[in-house]
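Secondary and tertiary structure notes
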Amino acid sequence: MSESGTPEPLGSSECIFEGRVIRVRRDRVRLPDGSDCYREVVEHRGAVGIVPLLDDGAVVLITQYRYAVGEWLLEIPAGTLEEGEDPEWCAARELEEETGYTARRYRRLFAMYVSPGYCNELIHIYVAEGLVAGQARPDCDEAIETTVVPLSSVSAMIQEGRIRDAKTIAALLAVMAGR
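Summary of the structure given here. The written sequence of each chain sets the order in which its residues are numbered from 1. Whole-chain, interface and lining totals are the exception, using all residues; otherwise, since this is a predicted model, local features are given only for residues with pLDDT of at least 70 and side-chain atom pairs are given and counted only at 80 or more. Working from all heavy atoms in the structure, the side-chain values ignore hydrogens and water.

Looking now at the layout of surface pockets. Estimates place the volume of the largest pocket at around 1300 Å³. Here a cavity means grid points, on a 1 Å grid over the protein atoms only, where a 1.4 Å probe fits yet cannot get out; a pocket means an open set of points with protein on both sides within 12 Å along at least five of seven lines; lining residues are those with an atom within 4 Å of a point. Lining the largest pocket are 36 residues, with Val 21, His 44, Arg 66, Thr 80 and Glu 121 sitting closest to its centre. A run of H or I in DSSP counts as a helix once it spans at least four residues, and a run of E counts as a strand once it spans at least two, with each numbered from the N terminus. When residues of the lining of the largest pocket are traced back to their parent elements, those giving at least two are strand E3 (36-44), strand E5 (58-66), strand E6 (71-75), strand E7 (78-80), helix H1 (87-99) and helix H3 (166-177). Here the element with the most residues in the lining of the largest pocket is H1; it accounts for four residues. Each residue gets one of three labels, nonpolar for Ala, Val, Leu, Ile, Met, Phe, Trp, Tyr, Cys and Pro, charged for Asp, Glu, Lys and Arg, and polar for the others, Gly among them. Of the residues in the lining of the largest pocket, the class split is 16 nonpolar, five polar and 15 charged. Grid points are joined across faces, edges and corners, and a volume is the space filled by probe spheres set on the points.

So this is what it looks like as structure tokens:
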């Protein structure tokens, strides 16, 4: 370990892209053997994911087109944190926007790095309970359909490849393990 506490101290850093959702930087770091190498890092403000559980134990999922993979994916509702936004507040906002549901209770499950090999995005996962149906108001760039799935069907859906989104799989398996 170096004096800075990291095995790869930063030598230099340059922003190579800045967009609405992400920023990409290229860092030159010193390796433990004394050689230099480059790391590309995608910076993200962080996000939330919500597992909306109905009183009968079914889960509310959304189907959304994901341009990066060119597929419609079945997912838990989720969204990006605004600058300085409390994750639980973001969870409530995103749940209502994407599904129309509001919740009487939110319970934090965990936080996870989405892909720490190249990205610093930390996603906070919540369970929403005591749901009340309402009108969805997705963002103008979102085409979302809501689907209700029995929690007992989730494991098979993951194994069959019908649920392929990592945050969704992690969140649903955590909920099922806690039941």
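On to the environment of Arg 105, then. Following the sequence through the fold, Arg 105 ends up in strand E8 (residues 102-113). Sequence separation of Arg 105 and Gly 11 is 94 residues, and the distance between their C-alpha atoms is 46 Å. Excluding residues within four positions of it along the chain, Arg 105 makes contact with Val 127, Ala 128, Glu 129 and Gly 130. Contact between two residues is taken to exist if any of their heavy atoms lie within 4.5 Å; hydrogens are not considered.

One open sheet holds the three strands; their spatial order is E6-E5-E10, and the pairing between them is antiparallel. Across the chains shown, the open sheet's two edge strands, defined by having one partner strand only, are E6 and strand E10 (144-150). Pairwise comparison of adjacent strand axes, ignoring direction, gives a mean angle of 30° for this sheet. Relative to E6, E5 runs antiparallel, the two sharing five bridges. Paired with Arg 66 across the two strands is Glu 71, which belongs to E6. Note on pairing: DSSP must find at least two bridges between two strands before they are called paired. Axes here mean lines fitted to C-alpha atoms, for a helix over just the part in contact, with angles spanning 0 to 180 degrees between N-to-C directions.

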